[in-house]
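In case you want the letters, here they are:
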Amino acid sequence: MTIPISRRALVAGGAALALGPGLLRSARADNGVTDGLIRIGQSAVFSGPAKDFGIDYRAGIKLYFERANKAGGINGRKLELVSYDDAYDPARTAANTAKLIDEDKVFALAGFVATGNLAAAMPLAEKAGVPMFAPLVGTTSFRTKVNRLLFHVRAGYDLELRKIISHLSTLSLASIAVVYQDSAFGKSNLATCEQLAADYKVQVVKTLPLAIAAEDAKQVVASLAEAKPGAVLMIMAGRMVEVFMRDYRANGGAAPLYTLSVGITDAAGSAKRLEGKLAGLVTASIVPPPQAVRVPIVADYQRDRAEFGEKIDSYTTLEGYIASRVMVEGLRRAGKALTRDSFIAGLEGIGNARFGDFPVEYSAKNHNGSTFVDLEMYTRDGQLRR
């Protein structure tokens, strides 16, 4: 017997109800949302030379999740972060991303680290329609066109490089050398750097790659000695900067040194290992100093660290905390009937806003978040001064 369409709809609805609300909850759980939970997935570097990025970023994300959960969660749903180590390896990032989507059934992805790793993850996220929020990546190529599923919080590396190069031009430093990480991150941002240098009429006299796992930089340092640049800009992340600085200073190199926000992650450790030679390194910063409690977002961060017992305290941890706070606001705006589409709409609806005086801006045409960049200088003991 053929059932009329209106009766078919009623029969289907009645069958679902007869099987009970558990069936409906399990269906929704496929997207990482149940009546009491929102599951977020992360693949990041938690081992190896760059581990501080992932460890600190995750700590900041989880810290604000704890604050939100203590306040009752998002419309009664608690936040859960599922994290896997990719050891900075894009192939492992891809495998972790597939697992998070297919097995863990996460609602969204967040807190991924590094350019090549994000490039490995995005095709999987796009195929599954899973939002990717706040990767610790500032590479320009991810920002020039709006990807509906990809939202940034941190300022782009192009803005960091512009801040550094414009500063060098005001100091009348007409020539620079660039030491860059031999990876997708280093190469893509080298191209951005060279374009900006041309715009500001700063000559790039030498560009030199350094391997991610390099134990020394003596060959690079020797090439720099011949070039005699007015300053050296490092487009590198983590311990590579420390390795280069150690050999550069040991060889008598005296040109001013500049790095991106991802250059130094363990400042106290770097200062100790470099025996004071960290002093004078200028870095771009994309969040306020984590001790500047005069800034409301930092005061909130330090309050929550004290309340929830978070031992890690760094610029990267504060960055994760800010990113998490913005994500929570997007989830709140998405409403109780949470879907990935409503989450995207919630984020785009934030507009031009300030989170504890930290500015971000989103719309359907802009997913880039913050434009905040400042320059700071390291002291010999790893402190930063403006």
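Just above sits the structure.
Asker: Just give me the short version of the packing of aromatic side chains, but keep the residues and values in it.
Answerer: Each aromatic ring pair is described using two quantities: the centre-to-centre distance and the angle formed by the ring planes. Going through the model one piece at a time under the given rule, you end up with eight aromatic pairs. Ring plane angle 55° and centroid distance 5.7 Å describe the contact between Phe107 and Phe343, whose orientation is recorded as tilted. One end of the pair, Phe107, is in the loop between helix H4 (90–102) and strand E3 (108–110); the other, Phe343, is in helix H13 (residues 340–348), and 236 residues separate them in sequence. The pair formed by Phe107 and Phe343 is uniform in burial state, with each residue classed as buried. For the ring pair Tyr157 and Phe185, a centre distance of 5.3 Å and an interplane angle of 65° mean the geometry is edge-to-face.

Asker: Can you explain unusual backbone geometry? Please cite residues and give values.
Answerer: Most peptide bonds are trans, and most residues other than glycine sit at a negative phi. The backbone of Ala87 shows a phi angle near 55°, a positive value even though the residue is not glycine. Looking at the element boundaries, Ala87 is found in the loop between strand E2 (78–85) and H4. Residue Ala114 is not a glycine yet carries a positive backbone phi of 90°. Within the fold, Ala114 resides in the loop between E3 and helix H5 (115–128).

Asker: Break down helix H9 (residues 239–250) for me, with residues and values.
Answerer: Spanning twelve residues, H9 covers 17 Å between terminal C-alpha atoms, matching the ideal 16 Å at 1.5 Å per step. Residues of H9 that are buried include every one of Met240, Val241, Glu242, Val243, Phe244, Met245, Asp247 and Tyr248, and no others. In this structure, the buried side of H9 is in contact with strand E6 (175–181), strand E7 (203–210), helix H8 (218–227), strand E8 (231–235), strand E9 (257–259) and helix H10 (267–273). Remark: Gly252 follows H9 within two positions and exhibits a positive phi of approximately 85°.

Asker: With reference to specific residues and values, describe the nonpolar core.
Answerer: Nonpolar side chains in soluble globular proteins generally cluster together in the buried interior. Grouped together as the largest cluster of nonpolar side chains are 82 residues, with contacts concentrated most on Ile40, Phe107, Phe133, Ile235, Met327 and Phe343. Broken down by element, this core gets its largest block of residues, nine residues, from helix H12 (residues 315–334). Ignoring any residue separated from it by four or fewer positions in sequence, one finds Met327 in contact with Ile40, Phe65, Ala108, Ala110, Phe133 and Phe343. Membership of the second largest hydrophobic core comes to 28 residues, among which are Met240, Ala255, Ile264 and Leu278.

Asker: Residues and numbers for the pattern of salt bridges, please.
Answerer: This model, assessed by the stated rule, comprises 18 salt bridges. For Asp313, the salt bridge goes to Arg305, with nearest N and O atoms at 3.8 Å. You can call Arg305 buried: its relative accessible area is 16%. If you follow the salt bridges from partner to partner, you end up with Arg67, Lys70, Asp300, Arg303, Asp304, Glu307 and Arg325 in one network.

Asker: Requested: an account of the packing of H8 against H9, with residues and values cited.
Answerer: When two helices pack together, their arrangement is given by the angle between their axes and by how far apart the axes lie. The interhelical angle for the contact between H8 and H9, taken along N-to-C directions, is 50°, at an axis separation of 9 Å. Accordingly, the angle class assigned to the pair H8 and H9 is oblique. As H8 packs across H9, the resulting crossing turns out to be right-handed. Taken together, the residues of H9 that come into contact with H8 (itself represented by Lys218, Val220, Val221 and Leu224) are Phe244, Asp247 and Tyr248.

Asker: Residue-level account of the pairing of strand E11 (residues 352–355), with values.
Answerer: Burial of the side chains of E11 is restricted to one face: Ala353 and Phe355 are buried, whereas none of Asn352 and Arg354 on the reverse face is. One ladder, built from four bridges, connects E11 with strand E12 (residues 358–363); its direction is antiparallel. Paired with Arg354 across the bridge in E12 is Pro359. In textbook terms, the turn of a hairpin is the stretch between consecutive antiparallel strands, and for E11 and E12 this stretch comprises two residues, one of which, Gly356, has a positive phi near 55°.

Asker: Can you lay out the packing of helix H6 (residues 157–170) against helix H7 (residues 184–199) for me, pointing to particular residues and giving the numbers?
Answerer: Two elements in contact, H6 and H7, have axes separated by 10 Å at closest approach and are oriented at 45°. When the axis of H6 is compared with that of H7, the two are oblique. For the element pair H6 and H7, the recorded crossing hand is right-handed. Here Tyr157, Asp158, Leu161, Arg162 and Ile165 of H6 lie close against H7, whose contacting residues are Phe185, Asn189, Thr192, Cys193, Leu196 and Ala197. Grouping the constituent residues of the contact of H6 with H7 by class yields seven nonpolar, two polar and two charged.

Asker: Outline the pairing of E7, listing residues and values.
Answerer: Bridge count between E6 and E7: seven bridges; the pairing is parallel. Bridge pairing links Ser175 to Gln203 in E7. Between the parallel elements E6 and E7, the chain passes through H7 in a crossover that is right-handed.

Rules of the game
Residues numbered from 1 in each chain as written. Predicted model: local features only at pLDDT ≥ 70, side-chain atom pairs only at ≥ 80, totals over all residues. Heavy atoms only, no water. Phe/Tyr/Trp six-rings, centres within 6.5 Å; stacked < 30°, edge-to-face > 60°. Helix = DSSP H or I, 4+ residues; strand = E, 2+ residues; numbered from the N terminus. Buried < 20%, exposed > 50% of the residue type's maximum accessible area, 1.4 Å probe, protein only. Expected span 1.5 Å × (residues − 1). Contact = heavy atoms within 4.5 Å. Core = buried A, V, L, I, M, F, W, Y, C linked by side-chain atoms within 4.5 Å. Salt bridge = Lys/Arg side-chain N within 4 Å of Asp/Glu carboxyl O. Axes fitted to C-alpha atoms, helices over the stretch in contact; angles between N-to-C directions. Parallel < 35°, antiparallel > 145°, perpendicular 65-115°, else oblique. Left-handed = near helix turned anticlockwise from the far one by under 90°. Pairing = 2+ DSSP bridges. Nonpolar A, V, L, I, M, F, W, Y, C, P; charged D, E, K, R; others polar. Right-handed = clockwise from strand over helix to strand, strands pointing away.

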